[in-house]
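Examination of the molecular architecture
Each chain, written out:
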Amino acid sequence: MIKITDLEKFYRTEEVETIALNKLSIDVKKGEFVAIMGPSGCGKSTLLNILGMLDDPDGGSYMFNSVEVAHFNERKRADLRKHNIGFVFQSFNLIDELTVFENVELPLIYTGVPSSERVKRVEEVLDKMQIMHRRNHYPQQLSGGQQQRVAIARAVVNKPKLILADEPTGNLDSSNGNDVMELLTDLNEHGTTIIMVTHSEHDARYSHRIIRLLDGQTVMENIMI
Amino acid sequence: MFRNYILIAFRNIRRNWSYTFLNILGLTLGIASCLILFLVVRNELTFDNYKKADRIYRVTWNAIDFNSNISLAVAPKMRAEFPELQVSQVMYNREAMVKIHNQRFKEKDFVIADEYLPQIFDFQWISGDPKTALKEPNAIVLTESIAKKYYGNTDPMGQVINVENQFDAKVTGVIKDLPSNRSVPIQLLLSFETIRNQVKENLNNIYDIGGGFFTFMLLPENYPIKNVQARIPGFMHKNWNLNPKEVRFPLQPLKDVHFDQRYINNVVTPTSRDTYYALFGVALLIIITACINFVNLATAQAIKRAKEVGVRKVLGANRKQLIGQFLGETTVLVLISLVLGIVLASVFLSGSEVWFNTKLDPSQLTQPVVMAYIAGIAITVILIAGLYPAFVQSAFQPVDSLKDKGAQFVKGFTLRKGLVITQFAISQVLIVGTIIVANQMDFFENQDLGFNKDAIVSFNIPNQAKMDVLHQQLVNNPGVEQVTFSNGAPSYNNNASGFTAPDFGITKDDVTEVRFVDENYFDLFGLKVLAGQKVTARAQKDTIITVAVNETLIHKLGITDPAKAIGKHIIINGTNVTISGVVQDFQSESKHKLRRSCVLGYNKPRFFMADVKLRAGSITKTIDQINKSWSALFPDNLFEYKFLDDHIASFYIQEQKEYTAFKFFSCIAIIIGCLGLYGLIMFAAAQRTKEVGIRKVLGAPLISIIGMFSKEFVVLILIAFAVAAPLGYWVMNNWLNNYAYHISIGPGIFVVAIAVSFAIAAITIAYQTLKAARVNPVKSLRSE
């Protein structure tokens, strides 16, 4: 599903050039659950941003479903993103001005799903995430665990083929964190490919494979048994 | 999707109510001002927009200067020699006394006109036949409101009105009230035939030019004016032997009457179109200021909303959709402001007569043109105020905005500075303009008049035979300090007459004002005698007539030393007179015009006006007493008086109107600018909370924190001033050049303008700055 080859990304200031990704090559197959680990500054989030087409690479190739996307313009990237990728962030990134229902509805609005269909699908996914009773609340009225469930609901409502999760349990206690990991595992078992950046060995064990990065390069891959 | 935009717009409004409030208040004031100014300007620029206005001309007189009045002799001859034209003569009277069933009224705008006028000006007739209503003698046409005032719901047709104790006239028609923008305002319209006998002589004398005698003509359709113009010199020569090199009859298009400032003796003082373009410019500046606020506050807030934009982009929103969303939010705010602005404008317009001396009906707001203009304002504001912030906000890169790096991408800060400079510059130009107009108004009415005007009332003497009795009663009144009789106080424009001075080479008629004054005139008005003596009483049969003349006249004679003019002779209307005194020039007309020559002499039968200087303290009581004795002496007349300073102010009604408008709308522009500034400083204070905390922990005193916030604005104000000062100077200097006498623009005005700018900015930012500076540092650091 994803094949990146010799991917490069630099951050430049006037005086210093930092290499975030150094000719990195990774393959992720459809239906896989991959965890990416490594110390701070090793390039995990940069990689995730490029995979999610939120950022451009400076060099190398990125094939998504056998299509070279490394140099897509913003419109094409936005288009590809909204139909194929769901995001889950450590800090949830819910829109404070919208209710739970409206937050989850948003991706469907942007993909042009008709209103009646939207209601059905949002309710379905809220039900699945067991957050239906909070549908009319605003994000700030929810606990962290509940907010992350809303964020996951929003990520999956468009039935994406790939979910990118950036430390999804980072802001949660262990019990809520486990719930979120269960949810992701469940999604993966139903066919969604998941790439997750994490610091937690515990969370990484939910994945099929752990890729460990250091200074923008792969240093080790562990296949989970 | 649209529902979502609107929804989030309303939630944002609720959430950021303080910004919303500043934005809506600014836009509401801006939109209301734009609307009002549009109506004021439209009212002025559409003066005399009669249906046939494009074909209507006024026949005027141009000998030494331009005179809108012309002899009654012209119209009948024109009618005979230019049969293709409709020609009408009009005699305008500022007021007249009418009596209905023994009830007397003083009415303004009393007009005498012939039967041809209704064919030229399309009045709206409620009753009566426009073709015949003014045909017969003793016929009078009333406006609707006058008819209502006299007769209520009774039919006014056929009722009899007594005019000036002279004629009984029958009501033969009622017309709708004229709009306020008419050069010849009309309340009552008496048929010319009624007074034909009285003006028999005027009809034959081309030089007999009365004040308010106008002649209008209507061209046939598609008939070039050149065809008439070409025949005018021949027409003048044939009928009156006039030499076209000395006299011309300029045909003035009706649409220019209100704007041609060469003619000052109009009923409504002509004004410059430029003034109204300038007012329209102020409207634009106001709306630009309001839009700048909007852009500033929106881009400042953009940093706060960067995360939302990032999330939306991650979820698949494309740029177009985001621009749509932000424009949607702007639309909601603009529409709210538009509704409030229209309400505010209509409230204001109902009081427009008090404010601007011009009646502007709020119902005009529902006219299609005005509605189109309102829609235009709305769309323009949405685009100007909304587009830029929408583009800026929608351009955030999701990765950066999610990391709260959005702020770095708001390059708007430099732009915001630019916009704030623009706002300050606009305010400063308006401040400079307002100060200059205020000084010029003061100069008009109070300075360099050449005579005293305080506590002096003028009223007329209807019957010269009772003059001595009146005089006795007035001087016996303890509230009266001085009394003088004349044909008018110095500010009352007087008879003009031809004069020659063969001894000094002036053999062809020049023009001089002639004033008939008694021996107390000079003392009461404080006229300054430069040489010789003031005017003294003289018996009617004296053969040597002595006069006082002003400086302008002796300069015409080529004399610079006033003493050398004493004993010299000039000829006025064929009478040889001797100069016995020279008086310093005084301002007898509006300061639009250069001062003219003036001759003052004693001529008791021509004293029509009394001027009384009142003692301070009991002015109302004294006027009451004068009223009683005057009314007892002249029982058939109504006592009406006017303070001299009010009369002088009346020269400048147009300027006063403009001044009020400029003052008012400049204030609005400045207030809107302050709202924006307040919003920005509020934002800056919030942004720099942490910095303030750290500085305070490190020992910064309160004053240095205040300085930190203020420094930036001081620089911006100075940059703005560098732009505003020369611009203000240039604009206002051009304006002042419209007047023959005007103030000069000194550096003091600019010092005041910049000081006011600093004061306004300081007051605006004081509260937020102090608030930010006084927060406990622990609190501000914790909030990070």
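Residues numbered from 1 in each chain as written. Chains lettered and ligands numbered in written order. Predicted model: local features only at pLDDT ≥ 70, side-chain atom pairs only at ≥ 80, totals over all residues.

**Description of the overall build of chain B**
From N to C terminus, chain B includes 25 helices and 23 strands. Over its C-alpha atoms, taken along the principal directions, chain B stretches across nearly 105 × 60 × 55 Å. Residue burial in chain B is summarised as follows: out of 784 residues, 41% are buried. Partitioning the intrachain contacts of chain B with sequence separation of at least 6 by distance along the chain shows that 81% fall at a separation of at least 24. (Helix = DSSP H or I, 4+ residues; strand = E, 2+ residues; numbered from the N terminus. Buried ≥ 20, exposed ≤ 12 C-beta atoms within 10 Å, placed from the backbone. Contact = placed C-beta atoms within 7 Å.)

**Concerning the overall build of chain A**
Along chain A, the regular secondary structure elements total 7 helices and 10 strands. Expected size for 225 residues packed as a compact globule is a radius of gyration near 17 Å; at 17 Å, chain A falls within 12% of this value. Expressed as lengths along the three principal axes of its C-alpha atoms, the size of chain A is roughly 50 × 40 × 35 Å. The buried share among the 225 residues of chain A stands at 48%. (Rg over C-alpha atoms; globule rule 2.2 N^0.38 Å.)

**Considerations on the sheet that holds strand 7 (residues 162-166) of chain A**
All names here are of chain A. Taken together, 6 strands build an open sheet; the order of strands is 6-7-8-3-9-10 and the sheet is mixed. Both outer strands of the open sheet, strand 6 (85-89) and strand 10 (217-223), are each paired with one neighbouring strand and no more. Taking the axes of each pair of neighbouring strands and ignoring which way they run, one obtains an average angle of 20 degrees across the sheet. Across 5 bridges, the pairing between strand 7 and strand 8 (residues 193-197) is parallel. Along strand 8, the bridge assignment pairs Ile163 with Ile194. Where helix 1 (residues 44-51) meets the sheet, its contacts fall on strand 3 (33-37), strand 7, strand 8 and strand 9 (209-214), and the angle it forms with strand 8 comes to roughly 150 degrees. (Pairing = 2+ DSSP bridges. Axes fitted to C-alpha atoms, helices over the stretch in contact; angles between N-to-C directions.)

**Looking at unusual backbone geometry**
Residues and elements named next belong to chain B. Phi angles above zero are rare outside glycine, and Asn222 is one such case at about 50 degrees. Looking at the element boundaries, Asn222 is found in the loop between strand 11 (213-218) and helix 6 (226-229). The exposure class assigned to Asn222 is exposed, which follows from the 6 C-beta atoms found within 10 Å. With a phi angle near 55 degrees, Asn241 is a residue other than glycine that sits in the positive phi range. Its location among the elements puts Asn241 in the loop between helix 7 (232-240) and strand 12 (251-253).

**Side note on the packing of helix 2 (residues 17-45) of chain B against helix 21 (residues 653-687) of chain B**
All names here are of chain B. At their nearest, the axes of helix 2 and helix 21 sit 10 Å apart, and the two run at 160 degrees to each other. One element, helix 2, and the other, helix 21, form an angle in the roughly antiparallel class. Classified by chirality, the crossing of helix 21 by helix 2 is left-handed. Here helix 2 contributes Ser18, Tyr19, Leu22, Leu25, Gly26, Leu29, Gly30, Ser33, Leu37 and Val40 to the contact with helix 21, which in turn contributes Ala661, Phe665, Ile668, Ile671, Ile672, Leu675, Gly676, Tyr678, Gly679 and Met682. Looking at side-chain class alone, the contact of helix 2 with helix 21 contains 14 nonpolar, 6 polar and no charged residues. (Parallel < 35°, antiparallel > 145°, perpendicular 65-115°, else oblique. Left-handed = near helix turned anticlockwise from the far one by under 90°. Nonpolar A, V, L, I, M, F, W, Y, C, P; charged D, E, K, R; others polar.)

**Topic: the pairing of strand 3 of chain A**
All names here are of chain A. Judged by how many residues are buried, strand 3 sits mostly within the fold: 5 of 5 residues are covered. Residues Phe33, Ala35 and Met37 line one face of strand 3 and the alternating positions Val34 and Ile36 line the opposite face, and both faces are buried. Across 4 bridges, strand 3 lies against strand 8 in parallel orientation. Each bridged residue has a counterpart across the sheet, and for Val34 the counterpart in strand 8 is Ile195.

**Here we look at the interface of chain A and chain B**
With 17 residues of chain A at the interface, the matching set in chain B holds 20 residues. At the level of elements, helix 2 (74-84) and helix 3 (100-110) of chain A are the ones that each hand at least two residues to the side of chain A that touches chain B. When the residues that make up the side of chain A that touches chain B are grouped by side-chain class, the tally is 9 nonpolar, 3 polar and 5 charged.

**Considerations on the sheet that holds strand 23 (residues 642-643) of chain B**
Residues and elements named next belong to chain B. A sheet is described by the order of its strands in space; here 4 strands give the open sequence 14-22-13-23, paired in antiparallel fashion. Since the sheet does not close on itself, it has two edges, and those belong to strand 14 (480-486) and strand 23, each with one partner. Relative to strand 23, strand 13 (residues 456-460) is paired through 2 bridges, and the arrangement is antiparallel. Looking across to strand 23, one finds that Val457 is bridged to Phe643. Sheet contacts for helix 16 (residues 467-476): strand 14 and strand 22 (609-614); angle to strand 14, the most-contacted strand, approximately 160 degrees. The strands touched by helix 19 (residues 619-633) are strand 13, strand 14 and strand 22; relative to strand 22, the strand with the most contacts, the crossing angle is about 150 degrees.

**Observations regarding helix 4 (residues 115-128) of chain A**
Residue and element names in this part refer to chain A. Here helix 4 contains 14 residues, and its C-alpha end-to-end distance of 20 Å stays within 8% of the 20 Å for a straight helix at 1.5 Å per residue. What helix 4 keeps buried is the set Val122, Val125 and Leu126. Around the axis of helix 4, the buried residues are gathered within 100 degrees of arc, so they sit on the same side. Facing away from the buried surface of helix 4 by more than 90 degrees, the exposed residues are Ser116, Glu117 and Lys120. Those residues of helix 4 that are buried are in contact with helix 3 and helix 5 (144-156). Backbone geometry just after helix 4 places Gln130 at a positive phi near 55 degrees. (Expected span 1.5 Å × (residues − 1). Arc of directions from axis to C-beta.)

**A few points about the packing of helix 1 (residues 2-15) of chain B against helix 10 (residues 319-350) of chain B**
Residue and element names in this part refer to chain B. For the pair helix 1 and helix 10, interaxial distance at closest approach is 9 Å and the crossing angle is 55 degrees. Between helix 1 and helix 10, the angle is such that the two are oblique. When the axes of helix 1 and helix 10 are compared, the crossing they make is right-handed. On the side of helix 1, the interface is formed by Tyr5, Ile6, Ile8, Ala9, Phe10 and Asn12, while helix 10 contributes Gly324, Gln325, Gly328, Glu329 and Val332. Of the residues in the contact of helix 1 with helix 10, the class split is 6 nonpolar, 4 polar and 1 charged.

**A closer look at the nonpolar core**
Counting residues in hydrophobic clusters, the biggest one holds 171 residues, and the most contacted among them are Ala153 and Ile195 of chain A together with Ile286, Val432 and Ala669 of chain B. With 21 residues, helix 9 (residues 273-314) of chain B is the single largest residue contributor to this core. Excluding residues that lie within four positions of it along the chain, Ile195 of chain A makes contacts with Val28, Val34, Ile36, Leu48, Leu51, Leu162 and Leu164 of chain A. By size, the runner-up hydrophobic cluster in this structure holds 56 residues, among which are Leu72, Phe123, Leu218 and Leu219 of chain B. (Core = buried A, V, L, I, M, F, W, Y, C linked by C-beta atoms within 7 Å.)

**Brief notes about helix 12 (residues 368-394) of chain B**
All names here are of chain B. Here helix 12 is 27 residues long and its end C-alpha atoms lie 36 Å apart, about the 39 Å a rise of 1.5 Å per residue gives. The largest bend along helix 12 measures about 35 degrees and falls at Gly386, with the proline Pro389 one to four residues further on. Listing the buried residues of helix 12 in full gives Ile377, Val381, Ile382, Ala385, Gly386, Pro389, Ala390, Val392, Gln393 and Ser394. (Bend = angle between axes of the 7 residues up to and from the residue.)

**Observations regarding the environment of Arg11 of chain B**
Structurally, Arg11 of chain B is set in helix 1. Through-space distance from the C-alpha of Arg11 of chain B to that of Phe665 of chain B is 33 Å; in sequence the pair is 654 residues apart.

**Observations concerning the environment of Asn62 of chain B**
All names here are of chain B. Tracing the chain through its elements places Asn62 in strand 2 (residues 61-62). Overall, Asn62 belongs to the partly exposed group, with 16 C-beta atoms counted inside 10 Å. When the C-alpha positions of Asn62 and Val247 are compared, they lie 5.7 Å apart, and in sequence the two are 185 residues distant. Here Asn62 is in contact with Val247, Arg248 and Pro250, once residues within four sequence places are set aside.

**Notes on the confidence of the model for chain B**
In this model, chain B carries an average pLDDT of 86, and 95% of its residues clear a pLDDT of 70 or more. Quick note on the complex model: pTM equals 0.74, ipTM equals 0.71. (pLDDT = per-residue confidence, 0-100.)

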